[in-house]
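# Analysis of the macromolecular model
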Amino acid sequence: MILAALPSRSPTVELICASEARKRRTGTPELFSVRRIAAYRTPDTLRAVSSAESETPNSPTPARLSGACFQWPGGRGVSDIDLQVERGQVIGLLGPNGAGKSTILKMLSGEIEPQQGSVTIFDQPHGREARRRIGLVLQEPSTDDLMTLEETLQLHGRLFGLRGRTLHRRSDELLDSLGLGERAGDRCETLSGGLRRRLDLARSLLHEPELLLLDEPTLALDPDSSAAIWDTLSTRVSAGVAVVVCSNDTAEAEAYANRVVIVDEGQVVAEDTPASLTSGLLHDALELDWPSATGNDVAELERWPGVGTVLWTEDQIVLTVEESSEIVPHLFQRYGSQIDGIRIRESSLRDAWFQIVGRPLTNSREDER
């Protein structure tokens, strides 16, 4: 929401007009009036089962990487990755394309082996039995266009030893829960991208895995498809299934993950709960539409009392501040004619990323790995 637009009149005049209008309505003078935009948050349905509640004494750890390293030809890869995944938790691997998230997921899935270090699945080395306990959703849909949805699940189920009524029951239940029941007899080629992702998830859940590995399962999906996927995941997490999700969506990671692992340039640079990662931030974030900003402007803002991080991109500056009600008037007094608009929201994991890594979370790299 644009809180201040600058037409022919100066921002000072605009603010005075707003103040006078409020004074006439309420009898109380006020410099300006803003509406706070709450940060995107979803009820903690996926956090209902903590690791302590879902674990039984001496139960095996679903997945563990210890000092894991892997380098692709050309030098890109990951190094010294330590990661432990517990039952009933969602672990969010957060980072830009090319940071190494998919490489970590491939080591966990058994697609590649660490060149140094180790990976264990339920306290055992990777092998056929371990893979039977894993459900995997890749970035790209991998369904056969000429097969129906029902045939796709039937084939996958048989590969995992499912037969008869059990296979049909699980297939029907998953298709219904993901809103695909009425499309069971349709060919996969008729599905939209969002429905294909739902089918991929149904297939990965069919054999009732205890560990789910998901590579950006909601990328470019509409809200309904994303909600259907997370609703289905929530029931599995509540039952103790461990989930690892690769993402570059900070809002999604903050909403659903029990723990967030920030990955950058092949290394884990931070790991904690979303609340802990954002706890050191100042309360508010101001997004300033400011195409004409200069380095001198940024340097001055960094010296202002009550200002924390200052992120400068091509045509926008984002500040974390102690109190927006104190900073916004000063911004207009000092820079009003240069600023096209201001949005106010709560500080979020996106701001924490910048504070930890020192640059905005972007996806400019071509090779994900």
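Scroll up to find the structure.
Quick look at the structure, then. If you're wondering where the values come from, they're calculated on a predicted model, not measured in any experiment. (Residues numbered from 1 in each chain as written. Predicted model: local features only at pLDDT ≥ 70, side-chain atom pairs only at ≥ 80, totals over all residues. Heavy atoms only, no water.)

### Here's the deal with the nonpolar core
With 44 residues, the main nonpolar core has Leu199, Leu201, Leu214, Val243 and Val260 as its most contacted residues. Among the elements that take part in this core, helix 7 (residues 193-205) stands out by supplying five residues, more than any other. Two domains each donate at least three residues to this core, and these are domain 1 (60-143 + 191-274) and domain 2 (278-357). What Val243 contacts, discounting residues up to four positions off in sequence, is Gln89, Val90, Ile91, Leu212, Leu214 and Val237. Membership of the second largest hydrophobic core comes to 29 residues, among which are Ala68, Val85, Val119 and Ile121. (Core = buried A, V, L, I, M, F, W, Y, C linked by side-chain atoms within 4.5 Å. Buried < 20%, exposed > 50% of the residue type's maximum accessible area, 1.4 Å probe, protein only. Helix = DSSP H or I, 4+ residues; strand = E, 2+ residues; numbered from the N terminus. Domains from an automatic or database assignment. Contact = heavy atoms within 4.5 Å.)

### What about the packing of helix 7 against helix 8 (residues 223-238)?
Contact geometry for helix 7 and helix 8: axes closest at 9 Å, N-to-C directions at 15°. Regarding the angle of helix 7 to helix 8, the classification is roughly parallel. For the pair helix 7 and helix 8, the sense of crossing is left-handed. Every residue of helix 8 that contacts helix 7 at Gly194, Leu195, Arg197, Arg198, Leu201 and Leu205 is listed here: Asp224, Ser225, Ala228, Ile229, Thr232, Leu233 and Arg236. Split by residue class, the contact of helix 7 with helix 8 holds six nonpolar, three polar and four charged. (Axes fitted to C-alpha atoms, helices over the stretch in contact; angles between N-to-C directions. Parallel < 35°, antiparallel > 145°, perpendicular 65-115°, else oblique. Left-handed = near helix turned anticlockwise from the far one by under 90°. Nonpolar A, V, L, I, M, F, W, Y, C, P; charged D, E, K, R; others polar.)

### Considerations on helix 13 (residues 349-357)
For helix 13, the complete set of buried residues consists of Leu349, Asp351, Ala352, Trp353, Phe354 and Val357. Looking one or two residues beyond helix 13, the residue adopting positive phi is Gly358, at roughly 95°.

### With respect to the packing of aromatic side chains
A complete count under the given rule lists four aromatic pairs for this structure. Seen from their ring centres, Trp290 and Tyr335 are 4.6 Å apart, and the 55° between their planes marks the pair as tilted. Of this pair, Trp290 sits in the loop between strand 11 (284-289) and helix 11 (295-302) while Tyr335 sits in helix 12 (residues 324-335); the two residues are 45 residues apart in sequence, bridging distant segments of the chain. For Trp290, a relative accessible area of 0% translates into the label buried. (Phe/Tyr/Trp six-rings, centres within 6.5 Å; stacked < 30°, edge-to-face > 60°.)

### Quick notes on the pattern of salt bridges
One pass over the structure, following the stated rule, counts 18 salt bridges. Arg196 serves as the salt-bridge partner of Asp145, at 2.6 Å between the closest nitrogen and oxygen. Remark: Arg196 occurs in helix 7 and Asp145 occurs in the loop between strand 6 (134-137) and helix 5 (149-159); sequence separation between them is 51 residues. Accessibility expressed as a relative area gives 14% for Arg196, which makes it buried. Arg183 is the salt-bridge partner of Asp186, the closest N and O atoms lying 2.4 Å from each other. Given the relative accessible area of 24%, Arg183 is considered partly exposed. What you see here is one network of salt bridges that share partners, running through Glu287, Asp289, Arg343, Arg345, Arg350 and Asp351. (Salt bridge = Lys/Arg side-chain N within 4 Å of Asp/Glu carboxyl O.)

### Some thoughts on the pairing of strand 11
Within strand 11, six of the six residues are buried, leaving the element largely enclosed by the surrounding structure. Residues Asp284, Leu286 and Leu288 point to one face of strand 11 and Ala285, Glu287 and Asp289 to the other, with burial holding for every one of them. Across six bridges, the pairing between strand 11 and strand 13 (residues 316-321) is antiparallel. Within strand 13, the residue paired with Leu286 across the bridge is Leu319. In terms of strand pairing, strand 11 meets strand 14 (residues 341-346) through six bridges, oriented antiparallel. Across the sheet, Leu286 pairs through a bridge with Ile344, a residue of strand 14. (Pairing = 2+ DSSP bridges.)

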